[in-house]
Amino acid sequence: MKKKLAFMMVLIFGLSVALMSCVTIKVKPTAANLKNPVIKLESFEVPQYDGYWYISNKVKPTKGKADNRGAPLPLSFLFSVKNPNAYPILLEGFTFTVAFDKDFDLVTLNNNDSYWIPAGKTTHVRATTMITTRSGLLSLLVTGGFKLKERKWSPWDALERWWKGVPEASVPVTVKEGSFAFSANGVTKVIAFEATYP
Amino acid sequence: MKKGIFLKLLIPFLAVVFLVGFSTAVVAKQIRIGGLNDTTGATSDVGKDYAIGMADAFKYINSQGGVNGTKIKYTWFDYGYRIPEAITKYKLLKRLGNIAIMGWGTGDTEALSPTVNKDKLPYVSASYSAHLTDPKKTPYKLFFSSDYSTNARAAITAWFDKKWPKKKDYGKRKPRFAACYMFASPYGSAPIKAIKDQAKLLGFEIGPDQDVSLFAIDTKSQVMGLKKFKPDVVWHGNTTMSVAATVRDAYALGLGADWIINNWGFDENLPRLAGEAAEGVMGATPCAFFGQNYKNMDLVVSSAQLYSPGIPVGKRLIRTVQAWGDALLIWEAMKRADKKGVDLTKKGCGPGIMKEGFETMRNFDIGLGASPISFTPTDHRPTTGCLIQEWKGGKFVEVERVDLKKRWPKLWATKWLGW
């Protein structure tokens, strides 16, 4: 009986090691062998469009409270991320700023989600955010006042141009100051990223 | 028979033990901290750099083992300085089990104050209003910086000490003081009572205030208003863009007064926007500018390069350093509380972090050019003074580190808390 018990324990241990070896990576990630993942902005779209409008708090709404409210403009970015390594890597999150007409920063987006990317594979990651003509106006007035003055644009000129032009891809949308954070077995690497669409 | 049952139970048990022992999927305990930032809205000019600096700081903290070996999961959202969204996101962060919140401005801090008090959640934010330093009213609100009123009192005192004696009318008449700020802004108006009180204490003649919008890029009418009073020194309590517009207009119109500015209007962008008009402008700096040679600044700069490589280091601001100030503050509080047995991985540990963490700090030095930090159960003014710097010859230089408690100990102890 004791022999049988010992045999069973050895068998279970052996099986466990064998099973774990199936999921254990073959090449151990190190700072030296972790190659930079390749990030591309594949596409950009406005997933839902509600036109260009702005309602000030002086206008009484049909329902709800009066406030300064603006047309929403959802912005959806599709990135491809290729893992050139011989082991899986974890995309731990990313941050980037969206600018219209290259110079005007409208929103900085932070994504806290994690994505595993298998060895040698490419995955797609979608990041969606939303701005409104109200948030755009405030951002412009605080950060873009002098730049608008240089271009001889009023904030309203800029907002109308963007709310009408961005959905039709006639205004360049830039993803800038991007940082994509990756890790593999405790080794971390943050990759800078910038791209303009179209 | 008994052995048979024993074996039947033992074998599956061993199998589970072996598999769990080898598995990498065992979830480690984490300390959850939430963040509310403005990277889109009315304060995004300074909020974005603060938000990114905060994320950098928590990555650095985790690289150092987190809180005594337990990693921090920092989750932050942009609320665009919209109060309803701040409240919604706060509730989400609470549901997610966050034990403390790194907040942002006066808007979210004041709106959430009653909820935070009820939830007993430490709320470390970049709203430095002195109204938030009385623990009788806001026991869970904290920050590392000198409060706005301390900034204002320190700035006018530094000008009085260092600049007024060099003026030709020194000793012949009272110095003249006026203030510019957005009257409707809680941030702008917060320290006005205190700076006027300090002006009176120092023997100034006080002129009429000028209402300058946070969004102003043309302030000629306000400058003309100031010219009638002929001030020697003017306080500007707004943020950088409208401060730059006013300083530029005053220079062009020959106002001839010196400027002292609150911390959110005094950063690396001011000389970029105001040009030569920024020469000699003084401001409150609760911590050093990005990259200035102070203790721990090397960590801030190297982390910015490592964790946010997409942003050129030349574009980083003092706002990143301010974020680090608040991150280092909560890190220290959590380390202290953890050592005293407070379980930071569980909800409801807020009172423990306060009692065993924040409120045990006495002259704690975070470096970064900040003043030493103390909190007691009855006084949440983090510092007793502030460093005043000046833009001179193309760089920021120290003017004076004013310690109000040392200069006016009785007033500090009995009169100035909470406003």
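None of these values were measured; they are calculated from a predicted model. (Residues numbered from 1 in each chain as written. Chains lettered and ligands numbered in written order. Predicted model: local features only at pLDDT ≥ 70, side-chain atom pairs only at ≥ 80, totals over all residues. Heavy atoms only, no water.)

> Would you mind going over the overall build of chain B with me for this structure?
Helix and strand counts for chain B come out as 15 helices and 13 strands. Taken against the 2.2 N^0.38 rule, which gives 22 Å for 419 residues, the C-alpha radius of gyration of chain B at 24 Å falls within 12% of a compact globule. For chain B, the spread of C-alpha atoms along the principal axes amounts to about 110 × 45 × 40 Å. Considering chain B as a whole, with its 419 residues, one finds that 60% of them fall into the buried category. (Helix = DSSP H or I, 4+ residues; strand = E, 2+ residues; numbered from the N terminus. Rg over C-alpha atoms; globule rule 2.2 N^0.38 Å. Buried < 20%, exposed > 50% of the residue type's maximum accessible area, 1.4 Å probe, protein only.)

> I'm lost on the nonpolar core in this one. Help?
For soluble globular proteins, the rule of thumb is that nonpolar side chains tend to be buried together. Counting residues in each nonpolar core, the largest one holds 104 residues, and the members touching the most others are W259(B), L344(B) and F358(B). Residue contributions to this core peak at 12 residues, all from helix α12 (residues 318-339) of chain B. The two domains that each donate at least three residues to this core are domain 1 (30-146 + 292-383) and domain 2 (149-285 + 387-414) of chain B. In this structure, L344(B) is in contact with I31(B), V67(B), I99(B), M334(B), A337(B), D338(B), C349(B) and I353(B), ignoring residues within four places of it in sequence. The next biggest cluster of nonpolar side chains, apart from the first, holds 44 residues, and it includes L73(A), L75(A), F79(A) and V166(A). (Core = buried A, V, L, I, M, F, W, Y, C linked by side-chain atoms within 4.5 Å. Domains from an automatic or database assignment. Contact = heavy atoms within 4.5 Å.)

> Please clarify how helix α3 (residues 83-95) of chain B should be interpreted in this entry.
Owing to its 3.6 residues per turn, the α-helix aligns residues three or four sequence positions apart on the same side. All names here are of chain B. Between the first and last C-alpha of α3 there are 18 Å, a value that for 13 residues agrees with the 18 Å anticipated at 1.5 Å per step. Buried positions along α3 lie against β1 (30-37), β2 (71-78), β3 (100-102), α4 (106-119) and β4 (123-124). After α3 finishes, the residue G97 shows a positive phi value of roughly 90°. (Expected span 1.5 Å × (residues − 1).)

> Looking at this structure, how should I read the side chain of T129(A)?
Checked against the element boundaries, T129(A) lands in strand β8 (residues 122-132). Once you skip the residues sitting within four places of it in the chain, T129(A) turns out to touch L73(A), P74(A), L75(A), V107(A) and L109(A).

> Help me understand the confidence of the model for chain A in this model?
For residues with low pLDDT, the predicted coordinates do not support detailed interpretation. Mean pLDDT over chain A works out to 89, with 88% of the residues at or above the 70 mark. The spread of mean pLDDT over the elements of chain A runs between helix α1 (residues 2-23) of chain A, the lowest at 62, and strand β4 (residues 72-82) of chain A, the highest at 97. (pLDDT = per-residue confidence, 0-100.)

> Explain helix α11 (residues 297-307) of chain B here, please?
Every buried residue of α11(B) is accounted for by M297(B), V300(B), V301(B), S303(B), A304(B) and Y307(B). An end-on view of α11(B) places all buried positions within 165° of arc, on one side of the element. Check the buried side of α11(B) and you find it contacts β9 (173-184) and β10 (187-197) of chain A together with α2 (44-63) and α12 of chain B. (Arc of directions from axis to C-beta.)

> Looking at this structure, I do not really get the pattern of salt bridges. What am I missing?
Two side chains bearing opposite charge may form a pair once their charged atoms approach each other closely. Taken as a whole and judged by the stated rule, the model has 29 salt bridges over all chains. Between K48(B) and E177(A) there is a salt bridge; the shortest N-O distance is 2.8 Å. Of this pair, K48(B) sits in helix α2 while E177(A) sits in strand β9, on two different chains. Considered together, K48(B) and E177(A) belong to a single accessibility category, that of buried residues. Close ionic contact of E332(B) with R336(B) constitutes a salt bridge, the shortest N to O distance being 2.7 Å. Here R336(B) and E332(B) lie together in helix α12, a separation of 4 residues that amounts to about one turn. When salt bridges with common partners are traced through the structure, they connect D105(A), K176(A), E177(A), K48(B) and K315(B) into a single cluster. (Salt bridge = Lys/Arg side-chain N within 4 Å of Asp/Glu carboxyl O.)

> Help me out: how do you make sense of the sheet that holds β8(A) in this one?
Within a beta sheet, neighbouring strands are joined by backbone hydrogen bonds and run either parallel or antiparallel to one another. Residue and element names in this part refer to chain A. Pairing within the open sheet is antiparallel, and its 3 strands lie in the order β1-β4-β8. Each having just a single partner strand, β1 (38-45) and β8 make up the two edges of the open sheet. Neighbouring strand axes in the sheet, compared pairwise and without regard to direction, differ in orientation by 25° on average. The pairing of β1 with β4 spans 7 bridges and is classified as antiparallel. Among the inter-strand pairings, S43 is bridged to a residue of β4, identified as L78. (Pairing = 2+ DSSP bridges. Axes fitted to C-alpha atoms, helices over the stretch in contact; angles between N-to-C directions.)

> Got a minute to help me understand the packing of aromatic side chains in this structure?
For any pair of aromatic rings, geometry is given as the distance between the ring centres together with the angle between the planes. A full pass over the atoms with the stated rule returns 38 aromatic pairs over all chains. Every member of this aromatic cluster is reached through a ring pair, and the members are F44(A), F77(A), F79(A), F94(A), F96(A), F180(A), F193(A) and Y197(A). Positioned above the aromatic ring of W419(B) is the side chain of R153(B), whose terminal nitrogen or guanidinium carbon lies 5.0 Å from the ring centre. Cation over ring: K335(B) sits above W331(B), and NZ or CZ is 3.8 Å from the ring centre. (Phe/Tyr/Trp six-rings, centres within 6.5 Å; stacked < 30°, edge-to-face > 60°. Lys NZ or Arg CZ within 6 Å of the ring centre and 35° of its normal.)

> Can you walk me through the sheet that holds β1(B) in this structure?
Residue and element names in this part refer to chain B. As summarised here, the arrangement of the 5 strands in space is β2-β1-β3-β4-β5, forming an open sheet in which the pairing is parallel. Strands at the two margins of the open sheet, each flanked by one partner only, are β2 and β5 (141-142). With 8 bridges connecting them, β1 and β2 associate as parallel partners. When the bridges of β2 are listed, R32 appears paired with K73.

> Explain the domain arrangement of chain B here, please?
Note on interface size: it is often stated as the accessible area lost on association of the parts. All names here are of chain B. On domain assignment, one finds that chain B holds domain 1 (30-146 + 292-383) and domain 2 (149-285 + 387-414). Placing the centre of domain 1 and that of domain 2 at their C-alpha centroids yields a distance of 28 Å. Across the contact, 24 residues belong to domain 1 and 24 residues belong to domain 2. Counting the surface domain 1 buries against domain 2, the share from its top three residues, L317, R319 and R381, is 24%. Here domain 1 is connected to domain 2 by 1 salt bridge. In this structure, the connection of domain 1 to domain 2 is made through 12 residue pairs in polar contact (both at pLDDT 80 or more). Listing elements by their share of the side of domain 1 that touches domain 2, those giving two or more residues are α2 and α12. The leading source of residues in the side of domain 1 that touches domain 2 is α12, at 3 residues. (Buried area = accessible area lost by both parts, 1.4 Å probe. Polar contact = N/O pair within 3.5 Å; in protein donor to acceptor, adjacent residues only side chain to side chain.)

> Which parts of the structure should I look at to understand the confidence of the model for chain B?
Residue and element names in this part refer to chain B. On average, residues of chain B score 92 in pLDDT, and 94% of them reach the 70 mark or higher. Predicted confidence for residues 19-26 stays below pLDDT 50, and this span has 7 contacts to residues more than four positions away or in other chains. Quick note on the complex model: pTM equals 0.87, ipTM equals 0.80.

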